[in-house]
Amino acid sequence: MDEKIGVYVCECGPNIKNALDVEAVVRHAGGLPGVAAAKSHRLLCSDEGKAFLKSEIQAQGLTRLVIAACSPREHEATFRGVSEASGLNPFLMQMANIREHAAWVTGEPAVATAKAKAFVAAAVRRVALHQPLERKFVDSNPDALVVGGGVAGISAVAALAQKGRKAYLVERAPCLGGRVARFEDAFPRAECASCMLEPKLDKVLHQDNIQVLTYSEVEEVLGSFGNYIIKVRRKARSVDLHNCIGCGACYEPCPVQVPNDYDEGMSRRKAIYIPYTGCLPNVPVIDRETCLRFKKDAAPGQRGCDLCQKACPFGAIDYSQQDEVLEIRAGGVVLATGSALFDPKRAPQYGYGKLDNVLTGMEFARLVSQTGPTGGKVLKKDGQPPQAVALIHCVGSRTPEYNPYCSGVCCLASLGFIHMIQKQLPQAEVSAVYSELSLPGRDAQKLCDEVKSHGARFLRARGPAAARVEREGERLAVRYQTEAGRTARGSSPSRTPTRSAASSRSRARKTGSSPRRTPPWSRWPAPARACSSPGAASLPRTYRPRRPKAGQPREASSRRWSPGRNWS
């Protein structure tokens, strides 16, 4: 069967008409093989234009259609609808973009006309090869599963539930919150990170359409679009979620001490533990890989340990729990698995892993957190506060050997750390070694100006990997290559006082008063400590659940996890 192709050129008002010779394009199209009709119209996307197209398709008996007009992104769906309404398969239509690709970008009408002719000819040849497609409809499961219980995962599952969908949230850690929950403050506004999470966690906790599976991992995903079968392994927590109130009585008697991953290994935890104080759900978990009861190579006298079970006043410890494999059916899967940090051991010039007191940003974040290993104090490994602190930017970033792009976060994170150091240790010398600063937004620039005004030194290096850390006796020294190519020393113990400290001491000598110990933080914007959720407003920053005494009624903490059907 010979195809009857119709070519219709839209003038698009003055957009195409004034830029090229429309009639010449029509005449050229009329002479192409298979073209039965070629005409122009003032505005094909108008109601009049659509009616014109419909009558032409039916009157000419067209089997294929070419529209020479604007971008397919703008009106392809419009002309497919006209084709379908005219009895023509909507997928036997091809658009030639002669507006954006010819009329608007070509200054010479003759050149634009030639380009338009070429586009139309190509569209005619393509549409002749089209195969008629038919739309198929399949049943789709409206439920969704979200992998990852950080901020992104929590936001995604809350948005799904808000639309009336059943949503599952799978988190492999024993609690929700992700990396953000480990931070003390969120910069540039020094907002309380846990307080920012509270409203989101509150939505998850009280939304009936959400089922949260903590301490669980996705094992297998089967199926196809709209119909997935997801196998989720829910690991045995060994603690009953409904009986436990998070009193913490089970921690003390546990004889096991292992590095705490949530504090980046800088503190120790027991085999039965909660990741950090105030986490949700506030229910401990038994790490069976280190628990003496489950450890195969435990000493004979330690096997069968049940000290935590004996200490629990509510009978919440359940050693008989086993892993469960749940089969969840969902129409979509959202992956919100977070990010991974660059391992500084790959860049040996920084001495990470070899030199004491060389920390990653995450380790420092835990160090200054009130729930961290030092209770929020900036201390060296020997327990003493540092006299000088250096922050090195771009570790692992903008370097072809590791990551050739900017991390986008390390500059702002470093400014936040400098702010915390200056607040805690006003006499300490703080230096930032950088090659380029990436400060998005007004608040980030304001934070940078503030830390500079309080004495922070910003030392520009020649490149992102132009700094190295060395040991000098008992101290560390940062050396970097300046823009001029010479080697400079970036940080040293506070032999030279900072400008603010020096002026304070000078003023004290003149007036006979005591030198100022703290900088004028009153000029600093007040941290947004106000909690937006009523439950979080009463939470102390260092909440520790109290163990009920014998004979006293059980006391529910203000941060206690409430058992509900959406938690497991």
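In the block above lies the structure referred to throughout.
Okay, so let's go over this structure. Throughout this description, residue numbers start from 1 for each chain and increase along the sequence as written. Given that this is a predicted model, residues contribute local features only at a pLDDT of at least 70 and side-chain atom pairs are listed and counted only at 80 or more, while totals for whole chains, interfaces and linings are drawn from all residues. The basis for every side-chain value is the complete set of heavy atoms in the structure, and neither hydrogens nor water enter the calculation.

### Thoughts on the overall build of the chain
Inference 1: Under the scheme used here, helices are H or I runs from DSSP no shorter than 4 residues and strands are E runs no shorter than 2 residues, and both carry numbers assigned from the N terminus. Within the chain, the secondary structure is distributed over 14 helices and 23 strands.
Inference 2: Burial classes follow relative accessibility: with a 1.4 Å probe on protein chains only, a residue under 20% of its type's maximum area counts as buried, one over 50% as exposed, and anything between as partly exposed. A buried classification covers 46% of the 568 residues belonging to the chain.
Inference 3: By definition in these notes, contact holds between two residues if any of their heavy atoms fall within 4.5 Å. Within the chain, counting contacts between residues at least 6 apart in sequence, those at least 24 apart form 67% of the total.
Inference 4: Looking at the chain as shown, the accessible area adds up to about 29300 Å², and 50% of this sits on carbon and sulfur atoms. Areas reported here follow the Shrake-Rupley algorithm with a probe of radius 1.4 Å; residue values treat only the protein chains shown as occluding.

### Describing unusual backbone geometry
Inference 1: With an omega of 20 degrees, the peptide bond between F187 and P188 qualifies as cis.
Inference 2: Here the residue pair L280 and P281 is connected by a cis peptide bond, since its omega of -5 degrees sits within 30 degrees of zero.
Inference 3: Residue position: P281 is located in the loop between β14 (272–273) and β15 (285–286).
Inference 4: Backbone geometry places C394, a non-glycine residue, at a positive phi of 60 degrees.
Inference 5: On the secondary structure map, C394 appears in the loop between β18 (388–392) and α11 (410–424).

### Section: the packing of aromatic side chains
Inference 1: Ring geometry is summarised as follows: Phe, Tyr and Trp rings, the Trp one being its six-membered ring, pair when their centres sit within 6.5 Å, and such pairs are stacked at plane angles under 30 degrees, edge-to-face over 60 and tilted between the two. Summed over all chains, the structure comprises six aromatic pairs.
Inference 2: Geometrically, the ring pair formed by Y434 and F458 is edge-to-face, given 6.2 Å between the ring centres and 70 degrees between the ring planes. Taken together, the positions of Y434 in strand β19 (residues 429–434) and F458 in strand β20 (residues 457–460) put the pair 24 residues apart, joining distant regions of the chain.
Inference 3: Looking at Y434, the relative accessible area reads 14%, which means it is buried.
Inference 4: On the basis of relative accessible area, F458 is assigned to the buried category, the value being 17%.
Inference 5: Taking the ring centre of Y215 as reference, the NZ or CZ of K235 above it sits at 4.6 Å.
Inference 6: The aromatic ring of F294 is capped on one face by R288, whose charged end is 4.3 Å from the ring centroid. Look at NZ for Lys and CZ for Arg. If either is within 6 Å of the ring centre and within 35 degrees of the ring normal, a charge sits over the ring.

### Focus: the environment of P281
Inference 1: Under the relative-accessibility criterion, P281 is labelled buried at 1%.
Inference 2: A sequence separation of 106 residues divides P281 from C175, and the C-alpha atoms of the two residues are 5.6 Å apart.

### A closer look at the pairing of β20
Inference 1: Two strands form a pair only when DSSP identifies at least two bridges running between them. Relative to β20, β19 is paired through four bridges, and the arrangement is parallel. Bridge assignment links A432 to a residue of β20, and that residue is F458.
Inference 2: A crossover counts as right-handed when, viewed with the strands pointing away from the observer, the path leading from the first strand over the helix to the second turns clockwise. Between the parallel pair β19 and β20, the chain is carried across by helix α12 (residues 442–453), and the sense of this crossover is right-handed.

### Some points on the sheet that holds strand β6 (residues 167–170)
Inference 1: Ordered by their spatial adjacency, four strands build an open sheet running β9-β6-β5-β17, and the pairing between neighbours is parallel. Each edge of the sheet is formed by a strand with only one pairing partner; in this case those strands are β9 (210–213) and β17 (332–335). Each strand axis lies, on average, 20 degrees off the axis of its neighbour in the sheet, ignoring direction.
Inference 2: Whenever a helix is involved, its axis is fitted only over the stretch in contact; in every case the axis is a line through C-alpha atoms, and angles between N-to-C directions fall within 0 to 180 degrees. Each of β5 (144–147), β6, β9 and β17 touches helix α7 (residues 151–162); the most contacted strand, β6, lies at about 170 degrees to it.

### Description of α7
Inference 1: Expected span, for any helix, means 1.5 Å times one less than how many residues it has. Taking 1.5 Å per residue as the helical rise, α7 with its twelve residues ought to reach 16 Å, and the 16 Å between its terminal C-alpha atoms agrees with that figure.
Inference 2: Every buried residue of α7 is accounted for by G153, I154, V157, A158, L160 and A161. The buried side chains of α7 occupy one side of the element, clustering within an arc of 160 degrees when seen end-on. Looking at α7, the residues exposed on the side facing more than 90 degrees away from the buried face are A152 and Q162. Here the arc refers to the directions that run from the helix axis out to each C-beta atom.

### Considering the sheet that holds strand β3 (residues 64–69)
Inference 1: Strand order in the open sheet formed by four strands is β2-β1-β3-β4, with parallel pairing between adjacent strands. The two strands at the open ends of the sheet, each matched to only one other strand, are β2 (35–41) and β4 (93–97). On average, each strand axis in the sheet is inclined to that of its neighbour by 15 degrees, with strand direction left out of account.
Inference 2: Looking at chain direction, strand β1 (residues 5–10) and β2 are connected through six bridges and run parallel. Residue Y8 lies in a different strand from β2, and its bridge partner there is K39.
Inference 3: Across the sheet, helix α2 (residues 22–30) touches β1 and β2, and the angle it forms with β2 is around 170 degrees.

### Examining helix α4 (residues 72–85)
Inference 1: With 14 residues, α4 should reach 20 Å at 1.5 Å per residue; the first-to-last C-alpha distance of 19 Å fits that figure.
Inference 2: Where α4 is buried, its residues meet α3 (47–60), β3 and β4.

### Thoughts on the side chain of N260
Inference 1: Topologically, N260 is positioned in the loop between β12 (258–259) and β13 (268–269).
Inference 2: Looking at N260, its side chain comes within polar contact range of the main-chain nitrogen of Y262, at 3.1 Å.
Inference 3: The residues contacting N260, other than those within four sequence positions of it, are G265, M266, S267, R268, R269 and P275. Throughout this description, a polar contact denotes any pair of N or O atoms lying within 3.5 Å of each other; where both atoms belong to protein, one of them has to be capable of donating a hydrogen while the other can accept it, and for residues adjacent in sequence the pair is counted only when both atoms sit in side chains.

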